[in-house]
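Architecture at a glance
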Amino acid sequence: MPTALVVIDVQESFRQRESWQAASDPDVAEKVARLVGLARERGHLVVWVLHSEPGTGTVFDPDNGHVRLMDGLTPQAGEPQLTKTAHNAFTTTNLQQILTAHGVRALITCGIRTEQCVETTTRLASDLGYDVTFVTDATATEPIEHRDAPAGRPLAEVLADPRTLLPADIIARTEYALAGRFATVTTLKELTGS
């Protein structure tokens, strides 16, 4: 079945935030690079997606120079590079048209943040009829503060708060939510055999 690997938001923006110090896998780009290599070996289309928030002044504002792939990730000629402004990779891009033009019916998803942009893209892809594989260890996320927590606290306070949802719990919840409903949840080792 024609397949595409969709690499979502593995971008320098995240490394600029204090919360990245507590990320589930600060070196996620290395795993993503291995997955990209595997996809290319198997003849899959690789699609690169970055998140942008123009005019915000944040690390996601392209004017600040951080909306670019992390080191070690380099698109090859012919691999689509998209920029999105929504959580999922479909709504504000022409991803679906690209996949249709390539006859793609199966997707492999990976990237940053596990429960946000990667999970949202995975769910929407499933609803659109794609057979989706979610590579859980080729995703990464950061702690999530409780909805009632005061804004702007230092990372140490966020981590000390018992209401903070930690990355391991976030990833486990995403795996439970996706498996058997929206995607096959797998690991890089299960895909590569090593």
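Let us look at the structure shown here. (Residues numbered from 1 in each chain as written. Predicted model: local features only at pLDDT ≥ 70, side-chain atom pairs only at ≥ 80, totals over all residues. Heavy atoms only, no water.)

1. Notes on the pattern of salt bridges
What counts is decided by this rule: Each reported salt bridge corresponds to a side-chain nitrogen of Lys or Arg within 4 Å of a carboxyl oxygen of Asp or Glu. Counting from the N terminus, the helices are the DSSP runs of H or I reaching at least four residues and the strands are the DSSP runs of E reaching at least two. Buried means the residue's accessible area, taken with a 1.4 Å probe over protein chains only, is under 20% of the maximum for its type, while exposed means over 50%, and partly exposed covers the values in between.
Under the criterion given, the structure shown has 12 salt bridges. Two residues, Glu 79 and Arg 40, come together in a salt bridge whose shortest N-O distance is 2.8 Å. Here Arg 40 lies in helix H2 (residues 28-41) and Glu 79 lies in the loop between strand S2 (45-51) and strand S3 (81-84), a separation of 39 residues in the sequence. Glu 79 sits in the buried class, given a relative accessible area of 10%. Under the relative-accessibility criterion, Arg 40 is labelled partly exposed at 27%. Between Glu 119 and Arg 123 there is a salt bridge, with the nearest N and O atoms lying 2.8 Å from each other. You can see Glu 119 and its partner Arg 123 sitting in helix H4 (residues 114-127), 4 residues apart, about one turn around the helix.

2. Examining the packing of H4 against helix H6 (residues 167-178)
Rules: Lines fitted to the C-alpha atoms define the axes, with helices restricted to the stretch that makes contact. Angles between their N-to-C directions range from 0 to 180 degrees. Note that the term roughly parallel is reserved for angles under 35 degrees, roughly antiparallel for angles over 145, roughly perpendicular for angles of 65 to 115, and oblique for everything else. By the convention used here, residues are in contact when the closest approach between their heavy atoms is within 4.5 Å. Charged residues are taken to be Asp, Glu, Lys and Arg, nonpolar residues to be Ala, Val, Leu, Ile, Met, Phe, Trp, Tyr, Cys and Pro, and polar residues to be all remaining types, Gly included.
Axis separation between H4 and H6 bottoms out at 10 Å; the angle between their running directions is 10°. Considering their axes alone, H4 and H6 lie roughly parallel with respect to each other. In contact with Thr 114, Glu 115, Glu 119, Thr 122 and Arg 123 of H4, H6 contributes Ile 170, Ile 171, Arg 173, Thr 174, Ala 177 and Leu 178. Here the contact of H4 with H6 is built from residues that sort into 4 nonpolar, 3 polar and 4 charged.

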